[in-house]
Amino acid sequence: MTAEPTEILSSRVLLRPQDLERSIAFYQDVLGLAVYREFGEPPWRGVVFFLGGGFLEVSGHSDTPACPNLQLWLQVRDVDATFERLREAGVTVLRPPATEAWGLREAWVADPDGVRIALIEVPEDHPLRRR
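In what follows, the accompanying structure is described. Worth saying up front: this structure is predicted, and the values here are computed from it rather than measured.

## Some points on the environment of Q75
The topology assignment puts Q75 in strand 5 (residues 71–75). When residues no more than four places from it in sequence are discounted, the contact partners of Q75 are I120 and V122.

Now the structure itself:
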């Protein structure tokens, strides 16, 4: 039996940080994500950020960091410039920019709770640009 397809109207990643205000400041002021909406009042407030075709909601609280299986993949126009700006801002560097065997330029940083963030540049001659 085949199930009816589920029509997804919107989606977001929910991130429950150890320190809400620190993480909101990181995603808004350091990473520079644009705010889609804010809700609630401290200590129960949350901020939803634009993530290209999706959203990242930073709200609530967790006593432990996110599991290592949670990673964010963010495509940027210039990975070298973005990486350098974040490095200069004191963001935890996991790996500087490099061109991967599959042709994408990638760098890795971490948020204040250690969530791994891939910064990806799709070069102009990469097949993803033509599909």
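That was the structure; now back to the text.
## Examining the pattern of salt bridges
Pairs can form between side chains of opposite charge once their charged atoms are near each other. Inspection of every chain in the model, using the stated rule, returns eight salt bridges. Between R16 and E57 there is a salt bridge, with the nearest N and O atoms lying 3.5 Å from each other. One end of the pair, R16, is in the loop between strand 1 (13–15) and helix 1 (20–30); the other, E57, is in strand 4 (residues 54–59), with 41 residues separating them in the sequence. The exposure class of E57 is buried, given its relative accessible area of 9%. The shortest N-O distance in the salt bridge between E21 and R45 comes to 3.0 Å. Residue E21 is located in helix 1, and its partner R45 is located in the loop between strand 2 (35–39) and strand 3 (46–51); the two are separated by 24 residues in the primary sequence. One network of salt bridges, in which partners are shared, links R12, R16 and E57.

## Some remarks on the sheet that holds strand 4
Ordered by their spatial adjacency, four strands build an open sheet running 1-4-3-2, and the pairing between neighbours is mixed. Only two strands of the sheet have a single partner each, and these edge strands are strand 1 and strand 2. Neighbour-to-neighbour, the strand axes of this sheet turn through a mean angle of 20 degrees, independent of strand direction. Pairing geometry for strand 1 and strand 4, over three bridges, is parallel. Pairing of L15 across the sheet is with V58, part of strand 4. In the packing of helix 1 onto the sheet, contacts are made with strand 1, strand 2, strand 3 and strand 4, and the angle to strand 4 comes to roughly 150 degrees.

## Re the sheet that holds strand 8 (residues 116–121)
An order of 5-8-7-6 is seen for the four strands of this open sheet, with the pairing classed as mixed. Where the open sheet ends on each side, the last strands, each with one partner, are strand 5 and strand 6 (92–99). In this sheet, neighbouring strand axes are inclined to one another by 15 degrees on average, regardless of whether the strands run parallel or antiparallel.

Cut-offs and rules
Numbers given for residues are sequential positions, taken from 1 along each chain in its written order. Where local features are concerned, this predicted model is filtered to residues with pLDDT of at least 70; where side-chain atom pairs are given and counted, the filter is 80 or more; whole-chain, interface and lining totals use all residues. Working from all heavy atoms in the structure, the side-chain values ignore hydrogens and water. Put simply, DSSP marks the helices as runs of H or I at least four residues long and the strands as runs of E at least two long, and each gets a number from the N terminus on. By definition, residues are in contact when any of their heavy atoms lie within 4.5 Å. Salt bridge criterion: a side-chain nitrogen from Lys or Arg within 4 Å of a carboxyl oxygen from Asp or Glu. Type-normalised accessible area, obtained with a 1.4 Å probe on protein chains alone, sets the label of each residue: buried when under 20%, exposed when over 50%, and partly exposed for intermediate values. Here, any two strands with at least 2 DSSP bridges between them count as paired. Axes, fitted as lines to C-alpha atoms, cover a helix only where it is in contact. Angles between the N-to-C directions of the axes lie from 0 to 180 degrees.

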